[in-house]
Each structure stands twice: as C-alpha cells, then as structure tokens.
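Below, each chain spelled out in residue letters.
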Amino acid sequence: MPSVALLLCVAAASQNGLLAQRLTQSGPTPQSVPITGTLSLQNNINPPVATMVPLPGGGRVVVSRPGENAYSAELKSAANTVPVKRGDVILAALDIRGISGGRETGEGGVRFSLQLNAPPWNQVTSGQFTLPQVRRDIIISGVADRDYAPGELEATVHVAQGIQTFEFYDFAVLNYGPSVDRNRIPFTRVPVPGGEPNAPWRAKAMQMLDRHRKAPLTVRVTRNGRAVPQAQVKIEQVSSSYPFATFLDIDPTEDKPEAARYRELIPKLFNGVTVPIYWEDWGWNEGSMPQQYRNRIDWAKQQGLRMKAHNLVWPSFNWMPDRMQALRDDPVKLRQTVVREAEARAQAMKNEPFVVVDVLNELKTEQDLGRISGFDVYEELFGVARRAWPKAKLVYNDYSIITNGGTDASAQNEVKRWIRHLQAARAPLDMIGFQGHFGEGLTHPEQIWRILDEFHAEFKLPIEVTEFDVNTRDEEAQAAYTRDFLLAWFAHPVTAGYTQWGFWEGAHWMPNAAMYRRDWSEKPSLKAYMDTVLKKFRTNVQRRSDRSGNASVRAFHGRYRATVTINGRTTQAEFTVPETQNRVYVNVELS
C-alpha cells in the first residue's frame, strides 16, 4: 500500500537468520534469499498510531488506536537485492507473538504481504493472521506473477487494524524457484493445546460424559406380559436432548441454491438454531428484514428445531439504529425509546416458541445505554423479555471469557461484575452465554473446565457456548480443536448448549471458520463435528434380551427407537431417555 506520509520510521535490530535456517531444515532448499536485512515500522498518518521498541532480531510494536486503514502503520522490509523470475515460488515468514489485542477473541491481528513496492502494489501473496499469546511462525507463500528486478519487491505487515501489542523476533524471505513441490513448503501450523491422543483430560471427559450425559436404559421384551429371551434388540438414538445448534445466518426459504442446501443440511447436522432479531438499521429497522427474520423463525418451527433468539438489545450506539445518536444528550428519552421499542419487538414475537433469548449482548464493552440512562435499564430490559417469553431461558452473552488461552482475567472479571449486578437487582437471568470465537490462540480443555467451575461456583447458573467458531487457515488444527472442544464442553455438567456461529463460507462472518467451503466442498472440521456429535455422542447398539427379557445399556439422553426382532417378526417402539430420570425402563410388547 502507498506510504501517504513518512511520519515515523523505526528500524528493528538486524535479522539473526535463525528463522531462515529453521524453514530450510523443515522444507526444501531455497535457490536464493531475495530479501534480507531489517523490518522498519512506518506510520502513514498523523498523529502516528504505532510505536516500536527494537528487540534482538525484531521489535515490540504497540498500536495505540486503530488507523484509518490497516496500512496506516506497517512494518516494511528492504527491497529485494536479487531478481525474482515469473513462476518462482516465494515464501515469507515472521517469528511473532501476540501480547494483547482488541478482537472478540482477545487477540490482535496483522496482514502479511509480499508485493510490488510501488503502485499498483500488486501482491505475490498475502495472508491475514490472528496473533495469539504464543510464539510461532506465520508463513505466506505464492508464485511470482511476473519478473521482479532488484529493488521492486518488498514484504509488508499492516498492523493498524486495531489496538494491539505484539513482538516479532525474526523475518525471512526465501525463493524456491519454479519447480519445487509446494506441498513440501512449510506453512503456518496452529498448536492445539491438549491435542495429544493420550492427553489425560480425555479419559476424565469420557468419565464425565458417562456420569452426566447418560442414564441406564433397559428395554424389556414381553409377550402376553411374559419375558421373551433371545430377542434381537436394536436401540437407535434419533436425536439428542442436548442442544447442538447453528446460527441461521440466511433466510432458508429463499429461492436460491444456498437456501436449498440450508434446508437440506441443517436438520441433518443440528437440532436447534439461533435466529436473529437484531434491532439495527440493517436488522429489524430495515424494510424487508423483519419478514426475513420471520421466515427463518417459521421455517425452524416447521422443522421442529429448538430456537434461540439473538439479541433483544446490544446496548451501545455501535449496534443500535443510527437515529439513536440524536438522543445522546437526553438520558430519559434515550431510555424510554430503547425500552419502548424493545417491548414492541418482544410483544410482536411473544408467541414464538423461543427456548432461549439473548437479552443483552456484550455489556463488558458496549455500555453507552447504561452509562447515559442508568445501568438499571438492563434489569428493565430483562423484565421486558420475561413478560414476552415467560418460559424462555434469559441470557446475558459476552466474549473473551474462554478464548485465546482462557487467560484474559480482566474480561472474565468484568463479565462477573455484570452478572453480580444483574443478580443483585433480581433481574430474571437464567443462563450465562460464553461466546466462543476462537482465533489461533486455542484454549486447553482443562482451562475451559476451570473457568466453567469458577463461574458456576459463584453464580449457580447453567452456561451455554453461544457463538463457537475457529478462525484459522490450518484446517487440521481447526478440525482437531472442534472435536476436542465439543468433547470438553458436552462433558462438563454445568454446560447447557452449544451453538456454532454458522457453517457455510459464503455466509460466515469469518469465512475461514466455516465447515463448508464456498463451493460446498467439505472441510475436515465438518467430519470432526459429525463424527463427534452424530456418532460419538449417540447411543446405537444391538443386544440380545436375557432370560428376563431385558436388554440394557447406558444411553445418552435423547429420543430413541427400539426395534425388536424374533423369529423373523419385528416390533418397534419409540421413547425418550430424559435428563430428569436416573434410570429408564421401556417395555416392548410383542404381538
């Protein structure tokens, strides 16, 4: 990107070359090293948004405010000193560690590019990376689209996307020539904490599943009230009692190919959906959007899907209709307007069978409404929701609690403060919502358990993960963590549901996090989800009835079908293994 004005330029210490050596050891031998030397921090707007303190081999970069663009501040390399030919495979890497960031994951982020160093800034390759609090190499690679003479090619790192702090320790650019097997070139791998097959937490999770998510089930086979031994009994779980849901991010009733795929896939993959009821210019206030919202609700009802509504009020000017800005200086009218319009929207949907409602979203950071109109407005909004949906679980939903290693104590403490406020005011808060927007800073399952234990010990409320996704290009790590997170979350007894924040790249707010690519090809995370939720978390067995006519198993809670066969004759029965019973007996009477 162009340098608008060179206002501040700080060079890092000279490169130590260890990164290049490490990359060469783990991949093919490069033909040349086209760029060497230092990375410099350059601010392109005034006043500057970023500063850097040099470190051995790199520097510590602090971005104090977002820039007008991501490239308002950037790290820049020197230009290439040797030519690059069209068709050459080029790799660039940065040894880096996030310290802090303002994303919902608690991470920062950078855009890393190899590009022409003059207009039109054509890129050989680039990548967008989150910066977890773990040191790692971020790597981009691409094929040169033309010849680059010495002095034409540079590496840049755009850093001004938001407030953040990170450190980088080394930088390398390697040219492998035109004939290298690109599958042998290193790429960015994301560490999966606790991902080892024999990690101790897995055995503990399986014990927790057996204890908290199953019940003893006995199917007794009789004829004329007498036991029938040696009958073949097939026990099939039809659905789970536990919510495994997705955000319904498009209208599935539309006459579009993607809507048809949604109609096909959602009932197969999920037993619930989160439907949007956003109060925004692009939501409830937009002309056609209320009808689109209702279409989603009506379709979900027809499919028999558990429904959650998200969200009644997002209490800041960032997420309310623009016309609310005019009420900044009128606390009374601001409060009256918000409550009145929330009441109207809730009453308009009071007959919808919402099982859960996110009443307030992100109080930790979105506080304009309470700060101006009094924080007791939050209890009033919970009252609005309770009157409209007396049987629904009412939720306060927030982020950075379990993501990015689960180490953001300040975010966790701020969320706790708001829960205490709501409980002290006797707001009808029934459940806590933990968003689960993971970047590449993944959290060990045992740390997630510790956080769950801590919140439940104080507040005695169930907890739902409301917006799960894993935003990374490392598809194998994404799949592995999806599998592990599902196991850890479902196993813990205080959790009450799992909602994935979409599944198709074409509609996903973080396209890399989807389970289906835009062309509907399947990513490894889809298989991980299906193998875990639809197989591992289901009870499907065959037994022979004993002398007492009994076939027994420990079964996951949910709906079942039993098929009993003897002497070529078959009888079926449907039943439920509820969460509220310690032991379940089902009698199948043969004709």
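Everything below is about the structure shown above.
Here goes a summary of the coordinates provided. (Residues numbered from 1 in each chain as written. Predicted model: local features only at pLDDT ≥ 70, side-chain atom pairs only at ≥ 80, totals over all residues. Heavy atoms only, no water.)

Looking now at the overall build of the protein. Helix and strand counts for the protein come out as 11 helices and 27 strands. Taken over C-alpha atoms, the radius of gyration comes to 28 Å for the protein, in line with the 25 Å a tight globule of 591 residues would show. Along the first, second and third principal axes, the C-alpha set of the protein runs to 90 × 65 × 50 Å. The buried share among the 591 residues of the protein stands at 56%. A sequence separation of at least 24 residues applies to 79% of the contacts in the protein between residues at least 6 apart. For the protein, the exposed surface amounts to about 24300 Å²; the carbon and sulfur share of it is 49%. (Helix = DSSP H or I, 4+ residues; strand = E, 2+ residues; numbered from the N terminus. Rg over C-alpha atoms; globule rule 2.2 N^0.38 Å. Buried < 20%, exposed > 50% of the residue type's maximum accessible area, 1.4 Å probe, protein only. Contact = heavy atoms within 4.5 Å. Areas by Shrake-Rupley, 256 points an atom, 1.4 Å probe, with all protein chains shown as cover.)

Further remarks concern the sheet that holds strand β17 (residues 306-313). Read around the closed barrel, the eight strands follow the order β15-β16-β17-β18-β19-β20-β21-β22; overall the barrel is parallel. Each strand axis lies, on average, 30° off the axis of its neighbour in the sheet, ignoring direction. Of the pairings in the sheet, the one linking strand β19 (residues 393-398) to strand β20 (residues 431-438) comprises four bridges and is parallel in character. When the bridges of β20 are listed, Asp-398 appears paired with Phe-434. Across the face of the sheet, helix α7 (residues 377-388) comes into contact with β17, β18 (354-361) and β19 while running at roughly 165° to β18. The sheet contacts of helix α9 (residues 445-459) involve β20, β21 (463-470) and β22 (495-500), and relative to β20 the element is tilted by about 160°. (Pairing = 2+ DSSP bridges. Axes fitted to C-alpha atoms, helices over the stretch in contact; angles between N-to-C directions.)

This paragraph deals with the pattern of salt bridges. One pass over the full model with this rule turns up 34 salt bridges. Note that Arg-202 is salt-bridged to Asp-484, the shortest N-O span being 2.9 Å. On the criterion of sequence distance, the pair formed by Arg-202 in helix α2 (residues 200-212) and Asp-484 in helix α10 (residues 475-491) is long-range, its members being 282 residues apart. A cluster of three or more residues bridged by salt bridges with shared partners is formed by Arg-22, Asp-95, Arg-135 and Asp-137. (Salt bridge = Lys/Arg side-chain N within 4 Å of Asp/Glu carboxyl O.)

Here the focus is the packing of aromatic side chains. The description of an aromatic ring pair uses the distance of the two centres, along with the angle that the planes make with each other. Tallying each qualifying case throughout the model produces 38 aromatic pairs. Seen in terms of ring centroids, Phe-244 and Tyr-498 are 6.1 Å apart; in terms of plane orientation they differ by 50°. Their pairing is tilted. Separated by 254 residues along the polypeptide, Phe-244 in strand β15 (residues 244-247) and Tyr-498 in strand β22 bring together distant segments of the chain. Tyr-498 matches Phe-244 in its accessibility class, with the two residues each being buried. For the ring pair Tyr-378 and Trp-418, a centre distance of 5.5 Å and an interplane angle of 70° mean the geometry is edge-to-face. A residue pair is termed long-range when its members are at least 10 positions apart, and Tyr-378 in helix α7 and Trp-418 in helix α8 (residues 409-424) qualify at 40 residues. (Phe/Tyr/Trp six-rings, centres within 6.5 Å; stacked < 30°, edge-to-face > 60°.)

This next bit is on α8. The end-to-end C-alpha distance of α8 is 22 Å, a good match for the 22 Å that 16 residues give at a rise of 1.5 Å each. When α8 is considered as a whole, its buried residues turn out to be Ala-411, Gln-412, Val-415, Lys-416, Trp-418, Ile-419 and Leu-422. Viewed along the axis of α8, the buried residues span an arc of 165°, placing them on a single side of the element. Of the exposed residues in α8, those oriented more than 90 degrees away from the buried face are Ser-410 and Ala-424. In the stretch just after α8, Arg-426 is the one whose phi turns positive, near 60°. (Expected span 1.5 Å × (residues − 1). Arc of directions from axis to C-beta.)

Another aspect to go through is the environment of Pro-28. With respect to the secondary-structure elements, Pro-28 resides in the loop between α1 (18-25) and β2 (39-43). Since its relative accessible area comes to 7%, Pro-28 is described here as buried. It is 8.6 Å that separates the C-alpha atoms of Pro-28 and Asp-181, two residues lying 153 residues apart in sequence. Those residues within four positions of Pro-28 in sequence are excluded, and the remaining contacts are Tyr-176, Val-180, Arg-184 and Ile-185.

This part covers the environment of Ile-451. Topologically, Ile-451 is positioned in helix α9. Overall, the relative accessible area of 4% leaves Ile-451 in the buried class. Residues Ile-451 and Ile-401, 50 residues apart in the sequence, show an inter-C-alpha distance of 8.0 Å. Not counting residues up to four positions away in its chain, the partners in contact with Ile-451 are Ile-401, Ile-402, Gly-406, Gln-412 and Phe-434.

Below, the discussion takes up unusual backbone geometry. Across the junction of Pro-119 and Pro-120, the peptide omega takes the value 10°, indicating a cis bond. By the element assignment, Pro-120 lies in the loop between β7 (108-116) and β8 (123-131). The linkage connecting His-310 with the following residue, Asn-311, adopts the cis geometry, with an omega of -15°. Position of Asn-311 among the secondary structure elements: in strand β17.

Our next topic: the packing of α2 against α9. Across the interface, α2 lies against α9 with an axial gap of 10 Å and an inter-helix angle of 50°. Comparing their axes, α9 and α2 come out oblique. Facing α2, whose interface residues are Trp-201, Lys-204, Ala-205 and Met-208, α9 presents Pro-445, Glu-446 and Trp-449. Per-class residue counts for the contact of α2 with α9 are five nonpolar, no polar and two charged. (Parallel < 35°, antiparallel > 145°, perpendicular 65-115°, else oblique. Nonpolar A, V, L, I, M, F, W, Y, C, P; charged D, E, K, R; others polar.)

Let us look at the sheet that holds strand β14 (residues 232-240). Pairing between the strands of a sheet is mediated by backbone hydrogen bonds and can be parallel or antiparallel. In spatial order, the strands read β23-β14-β25-β26; together these four strands make up an open sheet with antiparallel pairing. In this open sheet, the two strands that pair with only one neighbour each are β23 (540-544) and β26 (569-577). Each strand axis lies, on average, 20° off the axis of its neighbour in the sheet, ignoring direction. The pairing of strand β25 (residues 558-566) with β26 spans nine bridges and is antiparallel. Its bridge partner being in β26, Ile-566 is matched across the sheet by Arg-569.

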